[in-house]
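# Notes for the structure review
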Amino acid sequence: MEGKKITVQDILTMKGKRKITMLTAYDYPLASLIDKAGIDMILVGDSLANVVLGLDSTTKVGMTEMIHHAKAVTRAVKHALVVGDMPYDSYQVLPTGKQVTSDESVKNARRFIEEAKCDVVKLEWFDRCLEVTEQIIKAGIAVMGHIGLTPQTADKIGGFKVQGKDAEAAQRLIEQSVQLEKLGCFSIVLECVPDKIAEMITKKIKIPTIGIGAGVNCDGQVLVTHDLLGLFERFTPKFVKKYINLSPLITKAIEEYRDEVIRGKFPAAEHSFGIKEEELKKLR
Ligand code: KIV
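Since the structure is predicted, the reported quantities are computational estimates derived from the model, not experimental observations. (Residues numbered from 1 in each chain as written. Predicted model: local features only at pLDDT ≥ 70, side-chain atom pairs only at ≥ 80, totals over all residues. Heavy atoms only, no water.)

### Examining the state of the cysteines
- On inspection of all chains with the given rule, the structure shows zero disulfides.
- Take Cys-118: it sits in no disulfide, and the sulfur closest to it among the cysteines is that of Cys-185, at 16 Å.
- Looking at Cys-192, it has no disulfide partner, and the nearest cysteine sulfur is the one in Cys-218, 11 Å off.
- Look at Cys-192 and you get buried, because its relative accessible area is 9%. (Disulfide = S-S within 2.5 Å. Buried < 20%, exposed > 50% of the residue type's maximum accessible area, 1.4 Å probe, protein only.)

Structure representation (structure tokens):
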């Protein structure tokens, strides 16, 4: 797969053959590093709100910010499939409280593809999810579903909690996944779902499941890159593995810089530009 741009078809074909990898990115430098590392899909997630913009809810990030950051990511990516995460105000509810219509949702999905050059979009499950997803797919845009813990509507599902913990709730998740597959979604994120339920869903549907807090038996995994790198210190969910803790390393480097500037140790001669002595003499 290396070297060539990954397509939706490639992702579908990977099911059952090898695990699919996905990470979030919101800017050019990290997107470039993630792409070079050979990750299959890069999600420009609305987690941008929490991990980059310092907001307390993903519902507070809108189309303007998402398109701006998605453009930076797609400028960097040559290989991975780029997933534009549709923000709350693009297909659910506007800041005025008005519902976003299906037509407006399709227009917003199209902006991710045409303006920001994303390859596909992702939508979280909500009460009108099927109707909106159907319209976007009919408009020729590939959609990744997202069920289980859906942060944009966390207040309606009992908060930031594992979903599908009893038979009835698990059955609802299974039905949602089947409905999204029937509509033509090319994959589904399962967030905070018991591992056995995620495994049942993964076996039941033909499209790949991408887990986050959903155990090892999904077809693929996604993490928020800032969590994996130790760049987000406000809280660490149970499902996160920090592969490196960059925050203290960055703080140490910045403290060293501060100290060297104050002591006149930086910039040294090798960081400075000279002028010929004869030119200086003319000034004197
Ligand atoms: O926005 C995001 O980062 C996400 C992932 C948690 C799947 O939706």
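### Here's the deal with the site of the ligand
- If you check the shell around the ligand, you find Thr-24, Leu-43, Gly-45, Asp-46, Ser-47, Asp-85, Lys-122, His-146, Glu-191, Ile-212 and Val-224 and nothing else.
- One of the side-chain nitrogen or oxygen atoms of Asp-85 is found 3.1 Å away from an oxygen atom of the ligand.
- When isolated, the ligand has an accessible area of 260 Å², and the protein chains bury 94% of it.
- According to the grid-proximity analysis, the pocket containing the ligand is the largest pocket. (Near = heavy atom within 4 Å. Polar contact = N/O pair within 3.5 Å; in protein donor to acceptor, adjacent residues only side chain to side chain. Areas by Shrake-Rupley, 256 points an atom, 1.4 Å probe, with all protein chains shown as cover. 1 Å grid on protein atoms, 1.4 Å probe; cavity = no way out; pocket = protein on both sides within 12 Å on 5 of 7 lines; lining within 4 Å. Sits in = over half its atoms within 2 Å of the grid points.)

### Description of the pairing of strand E2 (residues 41-44)
- Both faces of E2 are covered, namely the face carrying Met-41 and Leu-43 and the face carrying Ile-42 and Val-44.
- As paired strands, strand E1 (residues 20-24) and E2 are joined by three bridges and run parallel to one another. Counted as the bridge partner of Leu-23 is Ile-42 from E2.
- Read as a crossover between parallel neighbours, the route from E1 over helix H2 (residues 28-36) to E2 is right-handed.
- By the bridge criterion, four bridges tie E2 to strand E3 (residues 81-85) in an arrangement that is parallel. (Helix = DSSP H or I, 4+ residues; strand = E, 2+ residues; numbered from the N terminus. Pairing = 2+ DSSP bridges. Right-handed = clockwise from strand over helix to strand, strands pointing away.)

### Description of the sheet that holds strand E5 (residues 143-148)
- The strand order E1-E2-E3-E4-E5-E6-E7-E8 describes a closed barrel built from eight strands, whose pairing is parallel. Taking each pair of neighbouring strands and ignoring which way they run, the sheet shows an average axis angle of 25°.
- Where strand E7 (residues 209-212) and strand E8 (residues 220-223) come together, two bridges link them in parallel fashion. Along E8, the bridge assignment pairs Gly-211 with Gln-221.
- Sheet contacts for helix H4 (residues 63-76): E2 and E3; angle to E2, the most-contacted strand, approximately 155°.
- Where helix H9 (residues 195-204) meets the sheet, its contacts fall on E5, strand E6 (187-191) and E7, and the angle it forms with E6 comes to roughly 170°. (Axes fitted to C-alpha atoms, helices over the stretch in contact; angles between N-to-C directions. Contact = heavy atoms within 4.5 Å.)

### Thoughts on the layout of surface pockets
- Taken as a whole, the largest pocket spans an internal volume of roughly 1000 Å³.
- If you trace the largest pocket, you find 44 residues lining it, with Glu-191, Ile-212, Val-224, Pro-237 and Phe-239 closest to the centre.
- Those elements that provide at least two residues to the lining of the largest pocket are E1, helix H3 (48-51), E6, E8 and helix H10 (225-228).
- No other element matches the four residues that E1 contributes to the lining of the largest pocket.
- Its residues assigned to classes, the lining of the largest pocket comprises 23 nonpolar, 11 polar and 10 charged.
- Reported here for the second largest pocket is a volume of approximately 260 Å³.
- Lining the second largest pocket are 15 residues, with Trp-125, Gly-148, Ile-157, Gln-163 and Gln-176 sitting closest to its centre.
- Counting residues per element, the ones that place at least two in the lining of the second largest pocket are E5 and helix H8 (167-183).
- The element contributing the most residues to the lining of the second largest pocket is H8, with four residues.
- Here the lining of the second largest pocket is composed, by residue class, of six nonpolar, six polar and three charged. (Points joined across faces, edges and corners; volume = space filled by probe spheres on them. Nonpolar A, V, L, I, M, F, W, Y, C, P; charged D, E, K, R; others polar.)

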